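Residue-level structural notes
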Amino acid sequence: KIVSLQMKILSEEIKKLLVDTIDREDISIDDLNNNTLLFEGGLELDSIDVLELAVAIQVKYGFNIDPEADDVQTYFKTVASLIALIASNNNDRGRI
């Protein structure tokens, strides 16, 4: 139960971070779920949005996202993929 509660809290944190970072009036936390696509067919983020989001994640959670990594696009596919990335890195640091 504790892990699922932590994941729910992390999910809400990521949604808030996403909304605050991309700063678009047409998107609120209530519009997002874990399956929300970040690019085509979803939020339609552009490269600047992704860069700002990567920096915000780095600042908040204390790890870098390598833009040259082969799997970087999978990190930014959905809200859930961002949650998984952050949970994995937090788990490596003993936070989740």
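Predicted model only: the values in this text are computed from it and were never measured. (Residues numbered from 1 in each chain as written. Predicted model: local features only at pLDDT ≥ 70, side-chain atom pairs only at ≥ 80, totals over all residues. Heavy atoms only, no water.)

1. Considerations on helix H2 (residues 47–61)
Working note: α-helix, 3.6 residues per turn, so residues spaced by three or four point in the same direction. Here is the rule: Helix numbers and strand numbers start at the N terminus; a helix is a DSSP run of H or I with at least 4 residues, a strand a run of E with at least 2. In this scheme, a helix's expected span is set at 1.5 Å multiplied by one less than its residue total. Burial classes follow relative accessibility: with a 1.4 Å probe on protein chains only, a residue under 20% of its type's maximum area counts as buried, one over 50% as exposed, and anything between as partly exposed. The directions from the helix axis to the C-beta atoms are what the arc is built from. Here a polar contact is taken to be a pair of N or O atoms separated by no more than 3.5 Å, where protein atoms must pair a possible hydrogen donor with a possible acceptor and residues adjacent in sequence count only if both atoms sit in side chains.
With 15 residues, H2 should reach 21 Å at 1.5 Å per residue; the first-to-last C-alpha distance of 21 Å fits that figure. Turning to H2, its buried residues number three or more, namely Asp-49, Val-50, Leu-53, Ala-54, Ala-56, Ile-57 and Tyr-61. Down the axis, H2 shows its buried residues gathered within 165° of arc, on one side only. Exposed and facing more than 90 degrees away from the buried side of H2 are Ser-47, Leu-51 and Val-59. N-cap assignment for H2: the residue whose side-chain oxygen lies 3.1 Å from the backbone N of Ile-48 is Asp-46. The positive-phi residue at the C-terminal boundary of H2 is Gly-62, with phi of around 75°.

2. Remarks on the side chain of Thr-21
Quick note on the threshold: We call two residues in contact whenever any of their non-hydrogen atoms come within 4.5 Å of each other.
For Thr-21, the position within the fold is in helix H1 (residues 2–22). The buried category is assigned to Thr-21, whose relative accessible area is 16%. At 2.6 Å, the side chain of Thr-21 and the backbone oxygen of Leu-17 are in polar contact. Once residues lying within four places of it in the same chain are set aside, the contact partners of Thr-21 are Glu-52, Leu-53 and Ala-56.

3. Regarding the confidence of the model for the protein chain
Here is the rule we go by: Confidence of the predictor at the level of single residues is captured by pLDDT, which takes values from 0 to 100.
Residues of the protein chain with pLDDT of at least 70 account for 91%, and the chain-wide mean is 87. Mean pLDDT across the elements of the protein chain ranges from a minimum in helix H4 (residues 79–92), with 85, to a maximum in H2, with 91.

4. Considerations on the nonpolar core
Basically, it comes down to this: Only buried Ala, Val, Leu, Ile, Met, Phe, Trp, Tyr and Cys residues count toward a nonpolar core, and they belong to the same one when joined by side-chain atoms within 4.5 Å.
Formed by 28 residues in total, the largest nonpolar core has its most connected members in Leu-18, Leu-38, Leu-43, Ile-57, Tyr-61, Ile-65 and Phe-76. Contacts of Leu-18, omitting those with residues within four sequence positions, involve Leu-32, Leu-38, Leu-43, Leu-45, Leu-53 and Val-79.

5. Describing the pattern of salt bridges
Definition in use: The rule for a salt bridge is simple: a side-chain nitrogen of Lys or Arg has to be within 4 Å of a carboxyl oxygen of Asp or Glu.
Enumeration over the complete set of coordinates arrives at three salt bridges. We note a salt bridge from Glu-12 to Lys-15, for which the minimum N-O separation is 3.5 Å. With Glu-12 and Lys-15 both in helix H1, this residue pair falls three residues apart, about one helical turn. Judged by its relative accessible area of 36%, Glu-12 falls in the partly exposed class.

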